[in-house]
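Spelled out, the chains give:
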Amino acid sequence: FQVGSRTAADGAALLSGPGAARTLFGAHFKIQLLASSHYDDGAAPPYGPNFLFRTEGDVRRFLRSGAAAADGGRFEALLFATQGLDLAIPSRLSYLDPGRTGRRAAAGPL
């Protein structure tokens, strides 16, 4: 499911998606990060590929961090929810061609 955030003119973070996360956590789903439009490498914890969110508060912190990383733009992310043991989302290397020299490029359409 898609979530997003942005920083309002008054500096407040406007969050889209915590309600969906609350509903899914309430139904005993597990939620992981699939992809995001921005990455804040100074965030604690670091929100890398397959990050496992444990609470709605984790999702809110992630969205606030994303809004800050977007620096006035819109932050968007895709989260993956499951009730089973299928939290096996491929690592980002599955989407890259490690055989290419120089800059890494996508191995093909995603």
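Everything that follows concerns the structure shown earlier in this document.
Treat the numbers as computed from the prediction; the structure is a model and nothing was measured.

Draft legend 1. Layout of the overall build of the protein. A tally of regular secondary structure across the protein gives two helices and five strands. Excluding contacts between residues fewer than 6 apart, the proportion of contacts in the protein whose partners are at least 24 apart in sequence is 58%.

Draft legend 2. Inspection of helix α1 (residues 18-26) at higher detail. Looking at α1, one finds that the buried residues are P18, A21, L24 and F25. Looking straight down α1, one finds its buried side chains confined to an arc of 120 degrees; they lie on one side. Turned more than 90 degrees away from the buried face of α1, the exposed residues are T23 and G26. At its buried positions, α1 is contacted by β2 (13-16), β3 (30-36), β4 (52-53), α2 (56-70) and β5 (75-82).

Draft legend 3. Examining the sheet that holds β3 more closely. What the five strands build is an open sheet, ordered β2-β1-β5-β3-β4; its pairing is antiparallel. Single-partner strands in this sheet number two, and they are β2 and β4. Of the pairings in the sheet, the one linking β3 to β4 comprises two bridges and is antiparallel in character. Counted as the bridge partner of I31 is F53 from β4. Where α1 meets the sheet, its contacts fall on β2, β3, β4 and β5, and the angle it forms with β3 comes to roughly 145 degrees. Here α2 sits on the sheet in contact with β1 (2-7), β2, β3, β4 and β5, set at roughly 155 degrees to β5.

Draft legend 4. Fine view of the pairing of β1. Bridge analysis of β1 against β5 gives four bridges, and the strand direction is antiparallel. Paired with S5 across the strands is F75, a residue of β5. Of the pairings in the sheet, the one linking β1 to β2 comprises four bridges and is antiparallel in character. Residue pairing for β2: R6 is matched across the bridge by L14. The hairpin formed by β1 and β2 contains five residues between the paired strands, and G11 there has a positive phi angle of roughly 95 degrees.

Draft legend 5. How the structure looks around the pattern of salt bridges. All chains considered together, the criterion is met by four salt bridges. Salt-bridge contacts for E56 lead to R22; the nearest nitrogen and oxygen are separated by 2.8 Å. Here the residue E56 occupies a position in helix α2, and R22 occupies one in helix α1, the gap between them amounting to 34 residues. By relative accessible area, which is 17% here, E56 ends up buried. Judged by its relative accessible area of 46%, R22 is partly exposed. Connected via shared salt-bridge partners are R22, E56 and R60.

Draft legend 6. Fine view of the packing of aromatic side chains. Scanning the entire structure with this criterion turns up six aromatic pairs. Ring centres 5.0 Å apart and planes at 65 degrees place the aromatic pair Y47 and F62 in the edge-to-face group. In this pair, Y47 sits in the loop between β3 and β4 while F62 sits in helix α2, placing the two residues 15 residues apart along the sequence. No difference in accessibility class separates Y47 from F62, as the two residues are buried. A connected cluster of aromatic rings, assembled from ring pairs, spans Y47, F51, F53, F62 and F75.

Criteria and thresholds
- Residues numbered from 1 in each chain as written.
- Predicted model: local features only at pLDDT ≥ 70, side-chain atom pairs only at ≥ 80, totals over all residues.
- Heavy atoms only, no water.
- Helix = DSSP H or I, 4+ residues; strand = E, 2+ residues; numbered from the N terminus.
- Contact = heavy atoms within 4.5 Å.
- Buried < 20%, exposed > 50% of the residue type's maximum accessible area, 1.4 Å probe, protein only.
- Arc of directions from axis to C-beta.
- Pairing = 2+ DSSP bridges.
- Axes fitted to C-alpha atoms, helices over the stretch in contact; angles between N-to-C directions.
- Salt bridge = Lys/Arg side-chain N within 4 Å of Asp/Glu carboxyl O.
- Phe/Tyr/Trp six-rings, centres within 6.5 Å; stacked < 30°, edge-to-face > 60°.

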